[in-house]
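Remarks on the overall topology
Residues per chain are reported as follows:
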Amino acid sequence: MDKEKEESSAIHPAVAPLSYLLGKWKGEGEGGYPTINSFRYGEELHFSHPASGKPVIAYSHKTWKLDSGMPMHSESGYWRPKPDASIEVVIAQSTGLAEVLKGTYSAEDKVIKLQSEVVANASKISVKALCAQEAAIELKSRLEAACFGYKNIALWWQPCQNPYSET
């Protein structure tokens, strides 16, 4: 029975190249849009590998205003890495938007490149595109996003209960 439990909690081989993502990433950044003043915000991303042993990484993301702590944006979804170094990402946002992104990853360089493929909206408002999203994510010590008016994002990894870490 212990062996069954151990095998069910093992990291899936498709997820292994991106296991460096697993855990919580926290940071602060600055955002702005043409119609509003710039703002500072806090951000947290959480990547986990479900105990089901399936080839996915569960993802959640939230932001808040630094000055008041008021919640801003949140989203969650799944990252699905493939053995050929391609990746599919499915995200649902609290605003009613859902997005499918596709791209590639380099486990060696710890770089993930994503491009928005499909954006759907739960309301009747038409969404043409969130932006021309080609975000390169480098998670050695920071994560940068090229969309939604956010800039100067500095994130750091926080250790969490990660049964897959080597330490």
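This one's a predicted model, so the numbers in the text were calculated from it and none came from an experiment. (Residues numbered from 1 in each chain as written. Predicted model: local features only at pLDDT ≥ 70, side-chain atom pairs only at ≥ 80, totals over all residues. Heavy atoms only, no water.)

**Considering the overall build of the chain**
Summing up its helical and strand segments, the chain has one helix and nine strands in all. Traced from its N-terminal end to its C-terminal end, the chain shows the element sequence α-β-β-β-β-β-β-β-β-β. Each of the 167 residues in the chain was classed as buried or not, and the buried ones make up 33%. Restricting the contact set of the chain to residue pairs at least 6 apart, pairs at least 24 apart contribute 41%. As presented, the chain carries roughly 10,200 Å² of accessible surface, and 53% of it is formed by carbon and sulfur atoms. (Helix = DSSP H or I, 4+ residues; strand = E, 2+ residues; numbered from the N terminus. Buried < 20%, exposed > 50% of the residue type's maximum accessible area, 1.4 Å probe, protein only. Contact = heavy atoms within 4.5 Å. Areas by Shrake-Rupley, 256 points an atom, 1.4 Å probe, with all protein chains shown as cover.)

**Points about the nonpolar core**
Within soluble globular proteins, side chains that are nonpolar generally end up buried alongside one another. Formed by 18 residues in total, the largest nonpolar core has its most connected members in Leu18, Leu21, Phe47, Ile57, Trp79, Ile87 and Ile112. Every element with two or more residues in this core is listed here: β2 (36–48), β3 (57–65), β5 (86–93), β6 (97–106) and β7 (111–121). Counting residues per element, this core draws most heavily on β5, which supplies three residues. (Core = buried A, V, L, I, M, F, W, Y, C linked by side-chain atoms within 4.5 Å.)

**Some words on the confidence of the model for the chain**
Scored by pLDDT, the chain has a mean of 74; 68% of the residues are at 70 or more. Throughout residues 1–8 the model reports pLDDT below 50, and contacts reaching past four residues in sequence, or to other chains, amount to three contacts. Per-residue pLDDT stays below 50 along residues 127–167; that stretch engages in 104 contacts with residues further than four places along the chain or on separate chains. (pLDDT = per-residue confidence, 0-100.)

**Re the packing of aromatic side chains**
Scanning the entire structure with this criterion turns up four aromatic pairs. With centroids separated by 5.5 Å and ring planes inclined at 45 degrees, the aromatic side chains of Phe47 and Tyr59 adopt a geometry described as tilted. Within this pair, whereas Phe47 is found in strand β2, its partner Tyr59 is found in strand β3, the two being separated by 12 residues in sequence. For the pair shown, Phe47 and Tyr59 are each scored as buried. Each ring, one from Tyr59 and one from Trp79, has its centre 5.7 Å from the other, and the planes form 50 degrees; the classification is tilted. (Phe/Tyr/Trp six-rings, centres within 6.5 Å; stacked < 30°, edge-to-face > 60°.)

**Some points on unusual backbone geometry**
Glycine aside, residues mostly have negative phi angles, and peptide bonds mostly take the trans form. The residue Ala85 is not glycine, and still its phi comes out positive at about 70 degrees. Note that Ala85 resides in the loop between β4 (71–81) and β5. Ala85 gets classed as partly exposed once you look at its relative accessible area, which sits at 24%.

**Description of the pattern of salt bridges**
Opposite charge on two side chains permits pairing when their charged atoms draw close. Throughout the structure, instances matching the rule amount to four salt bridges. The partner of Lys82 in a salt bridge is Glu88, with the nearest N and O atoms 3.8 Å apart. The class of Lys82 is partly exposed, set by a relative accessible area of 28%. With a relative accessible area of 22%, Glu88 lands in the partly exposed category. Several salt bridges share partner residues, and in doing so they unite Arg80, Lys82 and Glu88 into one network. (Salt bridge = Lys/Arg side-chain N within 4 Å of Asp/Glu carboxyl O.)

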